[in-house]
Amino acid sequence: MRISLLSIGLIAAFLTLAMPARAFEVEEHHRFGNGEARTLRILSTTDTALLTPMIETFLANNPGVAIEYTSASSAELMTAIMREKQPYDLALSSAMDLQIKLANDGFTQAHRSQAVDLIPAWGNWRNHVFAFSQESASIVVSPSAFSDLEIPRSRQKLITLLRRYPDRFRGRLGTYDVGASGLGYLFATQDARTSESYWRLMELMGSLRAKLYCCSSDMIEAVARGEIAVAYNVLGSYARAREDLANRITIIEPDDYTNMMLRTAVILNTAQEPALAGDFIDHLLDAAWNSPIVVEYPFHRYPTTGTAQNVPFRPIQLGPGLLVFLDHLKRKRFLAEWRSTVQQD
Amino acid sequence: MSDPLPTSGSLRRRLTLQLVGSAAILATLLFFVVLAFARDTAQQTHDSILLASATSIMDSVSVQADEVTVDIPYAALSMLGNVSDDRVFYRVSMRGNILTGYEDLPHTDQNTSSGQSAFDTLTYKNDGIRMVTLSRRLSLNGAPADILTTVAQTREGQATQLAKLSRSALQLGLGFFLVATVLAIWTAQSSIRPLNQLTAAVSRRGPKDLRPVKRPVPSEMIPLVLSLNQFIARLRTSLTRSEDFIAEAAHRVRTPLATVRTQAEITLRRVEKPENRASIREMIRAIDESSRAAGQLLDHAMVTFRIDSLERKDIFLTETAKELVDRLQPIAELKDIDLSFTGYNCPPITGDAILVQNAVRNILDNAIKYSPNDTTIRVSTQETLSTVLIHVEDEAGGFADMDTDALTHRFTRGENAAGTVGSGLGLTIAREVVEAHGGTLQIETSKSGTGACVSLCFPLV
């Protein structure tokens, strides 16, 4: 009896130890640096490889520090923080709306520094949410498909082209499945908010049987392979990063307007190393907004005078407005309308 | 005069303190009023934006396919974000069931059924929030359905704005206080000024000046000045009366004395006994002394009277002195005194010729009277840049070490005066005349050291 109790206890203990502490779905987990003194735990939606150079320069400047870098989808990141209260120090995410939700609902803490002052006013919310990149919602086209046509530089020109040559583009268009991708949903809602031409384009793409994708990289590869001729609302930074495909894709930043997604960082309330997290944010912000440009910074640096009239780049506004599209009734309505427009079968 | 009067505080200080005190009270009041007003305005502004947000959400509530749905406009929440970086919460509920939004957002205690908006200040998620609740009745499947829309925002932006406004209010209050303090000091100074001016005017007066105060004064000071003038008038009357009395008395005494002296001299001729002659001579000497005293008293009364309304005419001192020397020459000769005059024509001084003459004559009289036989008296005039002087130098032994200032007081006589007829009024008269003309009387030991030198110094205008 005693033995069996003991064995049950042991099994239970073993199970507890062996069970992964993370219940949410992790894509990648890396440990950088061999410092033992302090460990910074980052939860991020950004691919590890993209930020590795930034992490390494940070570690070089901060001896005795190690970084645990966990990447997950933006939805899983929310689950980990809001529901499971995982003890991460820092959350880096491309899902601006979800980052705002974290800050608005009190899961983050404020951070002030000289680097914070470098951010343009639209890139900082409450000193809680800090933008450290601008990434365009681009149109990626296959140059071979446009060999005899002028490459459209605006939504209106794309619409005109699609109307004129429907047969050439039927089944060869692609965009985000906004129901499956948070970023796709963000781009779509901002498009819908900004211009009526978005719905005309979706209507047209729907009628030409556009293919829907989960993520930017799939669309980029599909264009490169020649499967589709046009991919709409692709994350420009990912397209730029694929230097291997550079001659098979053309990246268009529409000159009527180009939504700019801001990758943001927040320090979590549960942070055990808030000061270290602040230092890492400063490291990112310095690379993003300060001059001179550092080579490790993985994103394209756009001019920060995004509010000027003649510049098409429109940073998506950080603020409570983003909460509107997270409202479940709003989302339901929007998705229903989007589906009825794009999926016309 | 020498004893300091006990003071009951300073009018100016009291006035300044009271004015500054009331300025401080007003400034504090102003600060709080402005602050309350600012707080009210900030709150109202915030409330109206919240209300606009809630209204636009409420407007997006509709019934579609027998189901209540909400399509929150982007602007409903982004407008709150444009005002400040505050956290925003909302909720839409129907019949107590949450349709969308933050489920744990607190409920208002106020009645919103009448369609009015209810504002609350509460705490949510460890932060102070301002919350508005709107109510609207929809018809769902023919039955009424009450929709409640709540929008809340944290108040950090408002607090920042208030802090800024408080700073402005504080600066306003301080500025007001500083300006009021400067004005208070100025006011106190200027209201006390007429008093100071009157004081200065009265204390500037000479010892004989008993004219009433005529300068204009503020109405509050009229009673004081009237009383002062009455007091001065009483003093003048009483002074005049006593001077008149003395003059009258002297006059009354002098005439019979002349008769007595004549009788005494006649008697002297008749009396032959040496002891009787000696006592009658003694009597005549006493009569002379009394008569001279009465004369000087009369002189003094005349001088006092004339000084009160001083005549101003050109006087050539050299001529005056020469005339007097000529006139007194016979008396001097009786004692074999060599009375000499030296002087050139000096510019005229202005004043009362009779008084000046009287003064010089008194000095000369004294000199002749106290000089021993066979001595010299030198009278001279002298001109300096701003004064004309008359020196009378004798060989009468001088005033020794006596206080020369005390000599000019009434009825004070020099130490060597014992054997001579005199009243001690001569120097007093001379001094009063000289001072009435703005000059000075100087008594020194003569250059030879055998006598005194009295100088009358008159200013040139």
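In this text the structure is predicted, and so the values were computed from the model without any measurement.

### Looking at the overall build of chain B
Okay, step 1: For chain B, the count of helices and strands is 9 helices and 14 strands.
Okay, step 2: The buried share of chain B, taken over its 461 residues, is 26%.
Okay, step 3: Long-range pairs, those at least 24 residues apart, make up 66% of the contacts in chain B with a sequence separation of at least 6.

### Points about the overall build of chain A
Okay, step 1: The number of helices and strands found in chain A is 13 helices and 13 strands.
Okay, step 2: Residues counted as buried form 44% of the 345 residues belonging to chain A.
Okay, step 3: Contacts in chain A between residues far apart in sequence, at least 24 positions, make up 80% of those at least 6 positions apart.

### Here's the deal with the interface of chain A and chain B
Okay, step 1: On the side of chain B, 17 residues touch chain A, which itself brings 17 residues to the contact.
Okay, step 2: The set of elements that each furnish at least two residues to the side of chain A that touches chain B consists of α12 (321-324) and α13 (328-342) of chain A.
Okay, step 3: With 4 residues, α13 of chain A is the single largest residue contributor to the side of chain A that touches chain B.
Okay, step 4: Among the residues forming the side of chain A that touches chain B, the class breakdown is 5 nonpolar, 6 polar and 6 charged.

### Regarding the environment of E319 of chain B
Okay, step 1: Along the chain, E319 of chain B falls in helix α6 (residues 317-334).
Okay, step 2: Between the C-alpha atom of E319 of chain B and that of Y344 of chain B, which follows or precedes it by 25 residues, the distance is 9.3 Å.

### Considerations on the UniProt feature "transmembrane region" (unreviewed entry) in chain B
All names here are of chain B.
Okay, step 1: As annotated by UniProt and renumbered to match this structure, "transmembrane region" (unreviewed entry) occupies residues 15-38 and 169-188.
Okay, step 2: Secondary structure over residues 15-38 splits into 100% helix and 0% strand, and the C-alpha atoms at its two ends are 34 Å apart.
Okay, step 3: Secondary structure across residues 169-188 comprises 100% helix and 0% strand; the distance between its end C-alpha atoms is 28 Å.

### Quick notes on the environment of E28 of chain A
Residues and elements named next belong to chain A.
Okay, step 1: With respect to the helices, strands and loops of the structure, E28 is situated in strand β1 (residues 28-32).
Okay, step 2: E28 gets classed as exposed once you count the C-beta atoms within 10 Å, which come to 12.
Okay, step 3: In this structure, the C-alpha to C-alpha distance between E28 and D47, residues 19 residues apart in sequence, is 8.3 Å.
Okay, step 4: Other than its neighbours up to four places away in sequence, E28 contacts T48 and S71.

### What about the pairing of strand β7 (residues 143-154) of chain B?
All names here are of chain B.
Okay, step 1: Relative to β7, strand β3 (residues 88-94) runs antiparallel, the two sharing 7 bridges. Directly across from S93, in β7, lies its bridge partner L148.
Okay, step 2: Sheet topology places strand β6 (residues 127-140) next to β7; 12 bridges connect them, and they run antiparallel. If you follow S139 over to β7, its bridge partner there is P144.

### With respect to the sheet that holds β6 of chain B
All names here are of chain B.
Okay, step 1: Read from one edge of the open sheet, 5 strands run β4-β3-β7-β6-β5, paired in antiparallel fashion. Each edge of the open sheet is held by one strand with a lone partner, namely β4 (97-101) and β5 (118-124). Looking at each pair of strands side by side, their axes are set apart by 25 degrees on average, direction ignored.

### Some remarks on helix α5 (residues 274-308) of chain B
All names here are of chain B.
Okay, step 1: The end-to-end C-alpha distance of α5 is 51 Å, a good match for the 51 Å that 35 residues give at a rise of 1.5 Å each.
Okay, step 2: Here α5 has its buried residues at I287, S291, R292, A293, A294, Q296, L297, D299, H300, A301 and V303.
Okay, step 3: Buried positions along α5 lie against α4 (222-270), α7 (353-370) and α9 (426-436).

### A closer look at the packing of α5 of chain B against α9 of chain B
All names here are of chain B.
Okay, step 1: One can describe the packing of α5 onto α9 by two numbers: an axis separation of 10 Å at closest approach and a directional angle of 10 degrees. In terms of orientation, α5 lies roughly parallel with respect to α9. On α9, the residues touching Q296, D299, H300, V303 and I307 of α5 are G426, T428, I429, E432, V433 and A436.
Okay, step 2: Grouping the constituent residues of the contact of α5 with α9 by class yields 5 nonpolar, 4 polar and 2 charged.

### Some remarks on the confidence of the model for chain A
Okay, step 1: Of the residues in chain A, 92% reach a pLDDT of 70 or more, and the chain-wide mean stands at 89.
Okay, step 2: Below pLDDT 50 for its whole length, residues 1-20 of chain A participates in 0 contacts with residues either more than four positions away or in separate chains.

### A look at the sheet that holds strand β11 (residues 376-383) of chain B
Strand pairing in a sheet takes place through backbone hydrogen bonds and is either antiparallel or parallel in direction.
All names here are of chain B.
Okay, step 1: The 5 strands are arranged β9-β11-β12-β14-β13 in an open sheet whose pairing can be described as mixed. Each of the sheet's edge strands pairs with one partner strand only, and the pair in question is β9 (338-342) and β13 (440-445). Taken over all neighbouring pairs, the strand axes of this sheet differ in orientation by 15 degrees on average, direction set aside.
Okay, step 2: The pairing of strand β12 (residues 387-393) with strand β14 (residues 452-459) spans 7 bridges and is classified as antiparallel. Of the residues in β14, the one forming a bridge with H391 is S455.
Okay, step 3: Across the sheet, α6 is in contact with β9, β11, β12 and β14; its angle to β9 comes to roughly 170 degrees.

### Some thoughts on the nonpolar core
Okay, step 1: In this structure, L90, A91 and V140 of chain A are the most contacted members of the largest nonpolar core, which totals 116 residues.
Okay, step 2: With near-sequence residues (within four places) excluded, A91 of chain A lies in contact with L43, L77, I81, L102, V266 and L268 of chain A.
Okay, step 3: Counting 46 residues, the second-largest nonpolar core is a separate cluster that includes I337, Y370, A396 and I429 of chain B.

Reading the values: the criteria
- Residues numbered from 1 in each chain as written.
- Chains lettered and ligands numbered in written order.
- Predicted model: local features only at pLDDT ≥ 70, side-chain atom pairs only at ≥ 80, totals over all residues.
- Helix = DSSP H or I, 4+ residues; strand = E, 2+ residues; numbered from the N terminus.
- Buried ≥ 20, exposed ≤ 12 C-beta atoms within 10 Å, placed from the backbone.
- Contact = placed C-beta atoms within 7 Å.
- Nonpolar A, V, L, I, M, F, W, Y, C, P; charged D, E, K, R; others polar.
- UniProt positions renumbered as here; feature names shortened; annotations may be inferred.
- Pairing = 2+ DSSP bridges.
- Axes fitted to C-alpha atoms, helices over the stretch in contact; angles between N-to-C directions.
- Expected span 1.5 Å × (residues − 1).
- Parallel < 35°, antiparallel > 145°, perpendicular 65-115°, else oblique.
- pLDDT = per-residue confidence, 0-100.
- Core = buried A, V, L, I, M, F, W, Y, C linked by C-beta atoms within 7 Å.

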